[in-house]
Amino acid sequence: MIVTIDGPAGSGKSSTAAAVAGRLGFRHLDSGAFYRALTWAVLAAGIPTEHWHSLTTAQLDALNVRGEPAGSGYRLFAADQDITGLIRSVEVNANVSPVAALPAVRVWLLDRLRSAALGVDLVTDGRDMGTVVFPGAEQKFYLVADAAVRARRRLLERGEAAHDPERLQSEIGRIEARDRIDSTRAVAPLRRPADAIDLDTTNLTFDQQVGVIVAHVMEWRRVHG
Ligand code: CDP
């Protein structure tokens, strides 16, 4: 069974998907982590921004970015280095949407993401998991939340003062900029899958949003066997 969770930046997809997978005994595939890992490797290789649009499959291959199953999720590697802990930096945040908008990058990752679903029950989250990567997924969710709430969660996640109005405002700006790039790009833009269940997490606690999705999946399994 494949469950997809898509939505804009900071809507809580990844942490929700991880908890849902844990509760159901599914594997968790955080597709954003793969885009982040590739972005980290592109930056670490010192490839200048003006060359990104002409990146070839061979150049992407040479970065040797891959995910290795670990626990119920994946650890991300670039060559021999485990970069799982390095891919949520401010620098990667600022560059991941432009990298993810490159058609060559999306083609390169598509098969890799799909092959992660072979032979396992999967909860996966991202921007296009229900629309492009797994259009036939059994259950699809679309998470949204107010930009201010998403910005506050991001600041708290990074241990920064969420009550400082200036910081909050600039985080809202960064989140909205990323949403804009993600939803207006030519290839696989962020879009609500037509058959998705909507979940607005603005006023939900983390446990509530996890609970709602788990309940839907369990009901689906009860009905479909
Ligand atoms: O956690 P957050 O919502 O901030 O982002 P993420 O899920 O880690 O994804 C980081 C970036 O990767 C997004 O802003 C998108 O540009 C890109 N992405 C994508 O294009 N397609 C996906 N399926 C997942 C992520």
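Model, not experiment: these values are computed from the prediction. (Residues numbered from 1 in each chain as written. Predicted model: local features only at pLDDT ≥ 70, side-chain atom pairs only at ≥ 80, totals over all residues. Heavy atoms only, no water.)

Q: Explain the pattern of salt bridges here, please?
A: Two side chains of opposite charge can pair, provided their charged atoms sit close to one another. Under the definition given, this model contains 17 salt bridges. The partner of Arg66 in a salt bridge is Glu68, and the shortest N-O contact between them spans 3.2 Å. Owing to a relative accessible area of 33%, Glu68 belongs among the partly exposed residues under this scheme. Note that Arg75 and Asp82 form a salt bridge whose closest N and O atoms lie 2.6 Å from each other. On the basis of relative accessibility, which here comes to 38%, the residue Arg75 falls in the partly exposed class. The class of Asp82 is partly exposed, set by a relative accessible area of 32%. One continuous salt-bridge network, built from bridges that share partners, spans Arg158, Glu160, Arg167, Glu171 and Arg174. (Salt bridge = Lys/Arg side-chain N within 4 Å of Asp/Glu carboxyl O. Buried < 20%, exposed > 50% of the residue type's maximum accessible area, 1.4 Å probe, protein only.)

Q: Just checking my understanding: could you explain the site of the ligand for this structure?
A: Contacts to the ligand come from 20 residues, most closely from Arg36, Asp128, Arg154, Arg178 and Asp182. Separating an oxygen atom of the ligand from a side-chain N or O atom of Arg36 is a distance of 2.6 Å. Arg106 is positioned such that a nitrogen or oxygen atom in its side chain is 2.8 Å from an oxygen atom of the ligand. In isolation the ligand exposes 530 Å². Once the protein is present, 99% of that is buried. Where the shell around the ligand is concerned, the elements lending two or more residues are helix H2 (31–44), helix H4 (90–100) and helix H8 (165–184). (Near = heavy atom within 4 Å. Polar contact = N/O pair within 3.5 Å; in protein donor to acceptor, adjacent residues only side chain to side chain. Areas by Shrake-Rupley, 256 points an atom, 1.4 Å probe, with all protein chains shown as cover. Helix = DSSP H or I, 4+ residues; strand = E, 2+ residues; numbered from the N terminus.)

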